[in-house]
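Given next are the chains, with one letter for each unit.
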Amino acid sequence: MMVHRYWPVVLLAPVIGFLLAAVVFVVMALGGNAWIRSGASVESVARAILFFGSVGLAVSLAALIGGIIVVACVDRPLEKTSGARTASAALGAASGVLVLGIVFATVQGTIGESWAYLIITFTLVLAAAAGIVAALLVYRAERRSERPPPTRGEHPLPRAWVEF
């Protein structure tokens, strides 16, 4: 039942993560230093969009895994209210992103210069964004599952082809 209800979320989350990260890069590039913008080639811009998109994809997968784990642990038979599931998914998505950021900051601090405070700051912003997007996606999936299925109308000429 859980897979049937949330399969659109599983398909949309990575795409949204990639696209949001690519949009963040474009906004940063358009608002950035004009000297750097003038020297950027199409190849370097495409490479940067793919890099930012892959980071967004990794963040969205961490959010997706966190949301699935929390909803499965809190409400596996889907007996609670849709608001509770939406809040659980948002909390799980934010938690998944926080875990990813903490692991990344720890590894980066161990092998190189410590930028952990900056990584954790970005992680907090990404976790908030992931929680909001997860809440919107799960809310939409919940509303979709609560709608009654469309009724099939009877064909105006039900026996036309049978009698032919």
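For the structure itself, look to the data block above.
Starting afresh in each chain, residues are numbered from 1 along the sequence in its written order. It should be noted that, the model being predicted, local features are given only for residues of pLDDT at least 70 and side-chain atom pairs only at 80 or more, the latter also being counted only at that level, while totals for whole chains, interfaces and linings use all residues. The side-chain figures draw on all heavy atoms in the structure; neither hydrogens nor water molecules are used.

1. A short note on the overall build of the protein
The following threshold applies: Here a strand is any run of E in DSSP of at least two residues, a helix any run of H or I of at least four, and the numbering for each starts at the N terminus. Exposed residues in this analysis have more than 50% of their type's maximum accessible area, buried residues have under 20%, and partly exposed residues fall in between, with area computed by a 1.4 Å probe over protein chains only. Here, Shrake-Rupley sampling with a 1.4 Å probe gives the accessible areas, and only protein chains in the shown set may cover a residue.
Helix and strand counts for the protein come out as six helices and zero strands. Of the regular secondary structure in the protein, the N- to C-terminal order runs α-α-α-α-α-α. In the protein, which comprises 164 residues, the share counted as buried stands at 29%. Of the roughly 11,400 Å² of accessible surface on the protein, a fraction of 74% belongs to carbon and sulfur atoms.

2. A few points about the packing of aromatic side chains
The criterion, for reference: In this scheme Phe, Tyr and Trp rings, the latter by its six-membered ring, pair at centre separations within 6.5 Å, and the angle between planes marks the pair as stacked below 30 degrees, edge-to-face above 60, and tilted otherwise.
Scanning the entire structure with this criterion turns up three aromatic pairs. Between Phe25 and Phe52, the aromatic rings sit 5.3 Å apart at their centres with planes inclined by 40 degrees, giving tilted as the arrangement. Remark: Phe52 occurs in helix 3 (residues 42-74) and Phe25 occurs in helix 1 (residues 2-31); sequence separation between them is 27 residues. Residue classification places Phe25 among the buried residues on the basis of a relative accessible area of 14%. The partly exposed category is assigned to Phe52, whose relative accessible area is 24%.

3. A look at helix 1
For clarity, the cut-off: Expected span of a helix, by definition, is 1.5 Å for each gap between consecutive residues, and there is one gap fewer than residues. Bend angle per residue: angle between axes fitted to the 7 residues ending at that residue and the 7 residues starting there. Contacts are assigned to residue pairs that have any heavy atoms within 4.5 Å of one another.
Spanning 30 residues, helix 1 covers 42 Å between terminal C-alpha atoms, matching the ideal 44 Å at 1.5 Å per step. Pro8 marks where helix 1 bends most, by close to 30 degrees. Those residues of helix 1 not exposed but buried are Met2, Arg5, Tyr6, Pro8, Val9, Ala13, Pro14, Gly17, Ala21, Ala22 and Phe25. If you follow the buried residues of helix 1, they end up packed against helix 3, helix 4 (82-111) and helix 5 (116-146).

4. Comments concerning the packing of helix 3 against helix 4
Quick note on the threshold: Fitting a line to C-alpha atoms yields each axis, with helices limited to the stretch in contact; the angle taken between N-to-C directions then spans 0 to 180 degrees. Working rule for angles: under 35 degrees goes down as roughly parallel, over 145 as roughly antiparallel, 65 to 115 as roughly perpendicular, anything else as oblique. When the near helix sits turned anticlockwise from the far one by under a right angle, the crossing is termed left-handed; a clockwise turn instead gives a right-handed crossing. Residues are sorted three ways: Asp, Glu, Lys and Arg are charged, Ala, Val, Leu, Ile, Met, Phe, Trp, Tyr, Cys and Pro are nonpolar, and all the rest, Gly among them, are polar.
One can describe the packing of helix 3 onto helix 4 by two numbers: an axis separation of 6 Å at closest approach and a directional angle of 135 degrees. As judged from the angle between their axes, helix 3 and helix 4 are oblique. In this structure, helix 3 crosses over helix 4, and the sense of that crossing is right-handed. Taking contact as the criterion, the partners of Ala58, Val59, Ala62, Ala63, Gly66, Gly67, Val70, Val71 and Val74 in helix 3 are, on helix 4, Arg85, Ser88, Ala89, Gly92, Ala93, Gly96, Val97 and Leu100. Of the residues that constitute the contact of helix 3 with helix 4, the class distribution is 11 nonpolar, five polar and one charged.

5. Points about the side chain of Arg85
Our working rule: Any N or O atom pair separated by 3.5 Å or less is treated as a polar contact, with the protein-specific requirement of one donor-capable and one acceptor-capable atom, and with residues adjacent in sequence counted only for side-chain atom pairs.
Relative to the helices and strands, Arg85 is located in helix 4. Within the structure, Arg85 has its side chain in polar contact with the backbone oxygen of Lys80 (distance 2.5 Å). With residues near it in sequence (within four places) discarded, Arg85 still touches Arg5, Tyr6, Val71, Asp75, Leu78, Glu79, Lys80, Val138 and Glu142.

6. Thoughts on the pattern of salt bridges
Selection criterion: Within this document, salt bridges are pairs made up of a side-chain nitrogen of Lys or Arg and a carboxyl oxygen of Asp or Glu, the two lying within 4 Å of each other.
For the structure on display, the rule yields three salt bridges. Across the pair Asp75 and Arg85 runs a salt bridge whose closest N-O atoms are separated by 3.1 Å. A residue pair is termed long-range when its members are at least 10 positions apart, and Asp75 in the loop between helix 3 and helix 4 and Arg85 in helix 4 qualify at 10 residues. An identical accessibility class is assigned to Asp75 and Arg85; each is buried. The shortest N-O distance in the salt bridge between Glu142 and Arg85 comes to 2.9 Å. Here Glu142, found in helix 5, pairs with Arg85, found in helix 4; they are 57 residues apart in sequence, far enough to count as distant. Side by side, Glu142 and Arg85 carry an identical accessibility label, which is buried.

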